[in-house]
Amino acid sequence: MTTERLSAAAVDLGASSGRVLLGEVGPDVLQTRVVHRFANDPVHVNGRLSWNVDALWDGVLTGLREAVRGEGWARGAKPVRAGSPSASASGVTSVGIDSWAVDYGLLDESGALLAPPAHYRDGRTDGVMERIRADLGASAIYQTTGLQFMPFNTAYQLLTERPEDLARAQTLLMIPDLLCHRLTGTVGAERTNASTTQLYDVTAATWAGELIDKLGLPARLFPPLREPGESLGPVLPDVRAALGVNDSLRVTVVASHDTASAVAAVPAEDENFAYVSCGTWSLVGVELAAPVLSARSLAANFTNEVGVDGTIRYLRNVMGLWLLQESLRSWQKAGEPVTLESVLAGAEREAPLRSVIDAESEEFLAPGEMPERIRAHCRRTNQPEPETPAAVTRCILDSLAIAHARNVALARDLSGRRVDAVHIVGGGALNTLLCQLTADACGLPVVAGPVEATALGNLLVQARAHGILADRAEARALIRRTHQLRRFEPRDHDPFLPYLS
């Protein structure tokens, strides 16, 4: 084990906000400090919901300026690898970028964007997935890609592009790759994010050329694949000038799909665990060495996405805390005096399992009026309608716990992986009630934390690339040594059994 340390910047982009963190990683040090937060507000362009890439870029640059001009860590240690030239006052020599999956930009021959990248919640893909499944066969697509069928997958988004744009486009870059292109001028597709497109052959570990051809998509769009840990070299001269750094600030490829970074930071002691990466979405699954492509796996709509070191993130998407986030927006827009803290406290006092919704239903995908949609679901299913914010919140958390437990059990049964504990990472690890309800529903211990799993996974891959850590096990052990984790033992599992059969 090296005694050196790395100071690095982690750019972590979410669907509603982005942030840049300054991180220090060493044999017994793993600490982060958020140096900049910025909004990620979608815009409507030519009738479709899109991402404002220029605003994202401005936020990234502002955050990197804050990181590289930083005052160092309070205790005065200089967090830079021994013998390395310092890129900045803070010693930052590496930066990595992660974001959500499936969305992309199309670049023309000059490297310019043809249009703002579309937002995965835009409704333009309605009906496309169903048509492609009927034309090509769900089994054939799944045998190649191993990917969960979701209406916003990259494959279906591409099929809605204007033919003239596809004709002009020379390459497709996922959101992190697009920003790395702006930093370094390089073109490539980081593997963990490429595996979310439904255009990646999960067995051959290449782009799915035959499927791409059958869909009528130009093969030239799909750039060379690259691995977490690769160096993209120094940032471009104009970026260096904007940041005020020299050429020793380099961009490192990380597990650029945020869930892949989060799973890399699960502080498990062995392989017998399940995880819930819990934020806007809940990603529920297990870590495997090879994909599961059985008919039962297809029927269960489980996905096989690539993780660090070629592992497979075998999981399902569950709607997640989006349900509560949208409910809070509706209440606050209506002028109700509620906060996250107040509705969680109220939910603790509500009767359990009074009303349960299907937290995996696409009826909850779109924004707007979430409490009323939850009540409508309860009316249709002959359950009591939750009227108060506390009752709606309890319904959401009970339903999420059930969805977590159902999918942990499915992942275990379909993969054959033994599960001794469930790790909840991400923002949901702060939700004590949800963690306890998940333990109860699963009938297994839940280990909560770290909250900043995505950013930590980003930093850990950078640290491995720079020789600070040896492997995935050492990285996870470092999290256990440096972060406070909470353990929730299951209480009464029996009330959840009717919902899990």
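The structure we're discussing is the one just above.
First, a word on what this report is: a plain description of the structure on this page. (Residues numbered from 1 in each chain as written. Predicted model: local features only at pLDDT ≥ 70, side-chain atom pairs only at ≥ 80, totals over all residues. Heavy atoms only, no water.)

## As for helix α18 (residues 472-482)
This is how the line gets drawn: For every residue, the accessible area obtained with a 1.4 Å probe (protein chains only) is divided by the maximum for its type, and the residue is called buried under 20%, exposed over 50%, and partly exposed between those limits. Only DSSP runs of H or I covering at least 4 residues are called helices, and only runs of E covering at least 2 are called strands; the numbering of each starts at the N terminus. For this analysis, residues touch if any pair of their heavy atoms sits within 4.5 Å. Two N or O atoms count as a polar contact when they lie within 3.5 Å, although within protein this holds only if one can serve as hydrogen donor and the other as acceptor, and sequence-adjacent residues are included solely when both atoms are side-chain atoms.
By the burial criterion, the buried members of α18 are E474, A475, R476, A477, L478 and I479. On its buried face, α18 is in contact with β2 (17-26), β3 (29-39), α10 (258-264), β15 (273-278), β16 (282-288) and α17 (453-465). Between the side-chain oxygen of the N-cap and the backbone nitrogen of A473 there are 3.4 Å, and the N-cap of α18 in question is D471.

## Notes on the pairing of strand β8 (residues 171-174)
The line we're drawing: By this definition, two strands are paired if DSSP reports at least two bridges between them.
Of the two faces of β8, the one holding T171 and L173 and the one holding L172 and M174 are both buried throughout. Direction of pairing for strand β7 (residues 104-107) relative to β8: antiparallel, over a ladder of four bridges. Along β8, the bridge assignment pairs L106 with L172.

## Some remarks on the side chain of D12
Along the chain, D12 falls in strand β1 (residues 6-13). The exposure class of D12 is buried, given its relative accessible area of 9%. Here the side chain of D12 touches R19 through a polar contact of 2.8 Å, side chain to side chain.

## Regarding the pattern of salt bridges
For clarity, the cut-off: Here, a salt bridge means any side-chain nitrogen of Lys or Arg that lies within 4 Å of a carboxyl oxygen of Asp or Glu.
Enumeration over the complete set of coordinates arrives at 32 salt bridges. The salt bridge partner of D177 is R226, with a shortest N-O separation of 3.6 Å. Here D177 is found in helix α6 (residues 175-184), whereas its partner R226 is found in strand β12 (residues 225-226), with 49 residues between them in sequence. Taken as a pair, D177 and R226 share a single burial class, namely buried.

## Re unusual backbone geometry
Here the residue pair G449 and P450 is connected by a cis peptide bond, since its omega of 5° sits within 30 degrees of zero. Positionally, P450 belongs in the loop between β20 (446-448) and α17. The phi angle at Q198 is positive, at roughly 65°, despite the residue not being glycine. As for its placement among the helices and strands, Q198 is situated in the loop between α7 (191-194) and β10 (200-201). Judged by relative accessible area, Q198 falls into the buried class, the value being 2%. With a phi close to 55°, N382 is a non-glycine residue in the positive phi region. Relative to the assigned elements, N382 resides in the loop between α14 (370-380) and α15 (389-415).

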